[in-house]
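# Chains, contacts and geometry: an overview
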Amino acid sequence: MEKIGVVGCGLMGSGIAEVFARAGLDVVVAESSVEAADAGQARLDAALRRAEARGKIESADEVLGRIRVVTELTELSDRDLVIEAIVEDESAKTALFRQLDAIVTSPDAILASNTSSIPIMKLAVATNRPSHVLGIHFFNPVPVLSLVELVPSLLTDPKTTQRAREVVEDTLGKKAIDCQDRAGFVVNALLIPFILSAIRMLESGFATAADIDDGLVRGCAHPQGPLALADLIGLDTTKAVAESLYEEFKEPLYAAPPLLARMVDANLLGRKSGRGFYTYS
């Protein structure tokens, strides 16, 4: 695979585009508007300038030269692999996969989703090529974290999964793990109930946010506490994943606490909005 497409140039999409471009591949990123494209381009530029300053790459300009940010999905027609990284909303993702199926011309091209919770089968059957659809789930920040979840549906051709594994491990140098097509896959099925439990503890007044997070950092050697992690993930994304898990399994531990729902309603989404469980300047 030499030609990569990414849909969405937010935090995750820009990170995915960055790692593929740093690996030497040609990347086209599609955004929904000129404003979003400009913001995505600025995000990529800033990230790669930081990487150059830290000695992670030799030339930011060289890597940026392999990335093109566009506003038309039709620019992805010649891609070998297209990864969707838009809002965590099933109807939006399903509609996008229908569009990509009509746009991407190569019958061997892979259509992948970076979803963290939505069943891949629901996306695959929206296309006429379900054998070439799977989940390729990166973790934030994409250039730093080495794990990628590979999530084939019941209809995914094993050759598609193997091709995805090769690009993840051989081209990007990341570690791929295999996941069943169940909401939350491996990591979020374990992580989200943990975060929700911390939110319930805060909501009940049992402990402060700082004490909850300090307890896990200092007592369990976690790199950061669950509430700070929720802020990093985004509280809207945390809620969306929780709802997908609850929809699939109907387990109370997956239900989003009222506090989380109210914070999302108030646009207190964590780092990306400047305020969540903590305040960010």
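The present account deals with the structure reproduced in this document. Every value quoted in this text rests on a predicted model; they were computed, and no experiment measured them.

### Quick word on helix 2 (residues 34–53)
- Taking 1.5 Å of rise per residue, the 20 residues of helix 2 would be expected to cover 28 Å, and the 28 Å separating its terminal C-alpha atoms lies within 8% of that figure.
- Of the positions making up helix 2, those classed as buried are Ala37, Gly40, Leu44, Ala47, Leu48 and Ala51. Looking down the long axis of helix 2, one finds its buried residues gathered within 95 degrees of arc, a one-sided arrangement. Opposite the buried face of helix 2, by more than 90 degrees, sit the exposed residues Val34, Glu35 and Ala53.
- Of the surrounding elements, those touching the buried residues of helix 2 are helix 1 (11–22), helix 3 (60–64) and strand 3 (67–70).
- A positive backbone phi angle near 80 degrees is found at Gly55, which sits one or two residues after helix 2.

### Details of the pairing of strand 5 (residues 110–113)
- Covered by surrounding structure in strand 5 are Ile110 and Ala112 together with Leu111 and Ser113, the residues of both alternating faces.
- Looking at chain direction, strand 4 (residues 81–84) and strand 5 are connected through four bridges and run parallel. Residue pairing across strands places Leu81 opposite Ile110, the latter belonging to strand 5.
- Note that the unit made of strand 4, helix 4 (residues 90–103) and strand 5 has a crossover that is right-handed.
- Strand direction decides the pairing type here: strand 5 and strand 6 (residues 133–138), joined by three bridges, are parallel. If you follow Ser113 over to strand 6, its bridge partner there is Gly135.

### What to know about the packing of helix 10 (residues 235–249) against helix 11 (residues 258–265)
- The geometry of helix 10 relative to helix 11 is characterised by a closest axis approach of 9 Å and an angle of 135 degrees between their N-to-C directions. Considered as vectors, helix 10 and helix 11 are oriented oblique to each other. The handedness of the crossing between helix 10 and helix 11 comes out as left-handed. Residues Leu235, Asp236, Thr238 and Lys239 of helix 10 form the contact with helix 11, whose participating residues are Leu260, Ala261, Met263 and Val264.
- Residue composition of the contact of helix 10 with helix 11, grouped by class: five nonpolar, one polar and two charged.

### Overview of the packing of helix 7 (residues 187–203) against helix 11
- Axis separation between helix 7 and helix 11 bottoms out at 8 Å; the angle between their running directions is 90 degrees. The pairing of helix 7 with helix 11 is recorded here as roughly perpendicular in orientation. Along the contact surface, helix 7 presents Leu196, Ile199, Leu202 and Glu203, while helix 11 presents Pro258, Leu259 and Leu260.
- Considering only residue class, the contact of helix 7 with helix 11 consists of six nonpolar, no polar and one charged.

What counts and what doesn't
Residues numbered from 1 in each chain as written. Predicted model: local features only at pLDDT ≥ 70, side-chain atom pairs only at ≥ 80, totals over all residues. Heavy atoms only, no water. Helix = DSSP H or I, 4+ residues; strand = E, 2+ residues; numbered from the N terminus. Expected span 1.5 Å × (residues − 1). Buried < 20%, exposed > 50% of the residue type's maximum accessible area, 1.4 Å probe, protein only. Arc of directions from axis to C-beta. Contact = heavy atoms within 4.5 Å. Pairing = 2+ DSSP bridges. Right-handed = clockwise from strand over helix to strand, strands pointing away. Axes fitted to C-alpha atoms, helices over the stretch in contact; angles between N-to-C directions. Parallel < 35°, antiparallel > 145°, perpendicular 65-115°, else oblique. Left-handed = near helix turned anticlockwise from the far one by under 90°. Nonpolar A, V, L, I, M, F, W, Y, C, P; charged D, E, K, R; others polar.

By themselves, these are just geometric observations and shouldn't be taken as functional.
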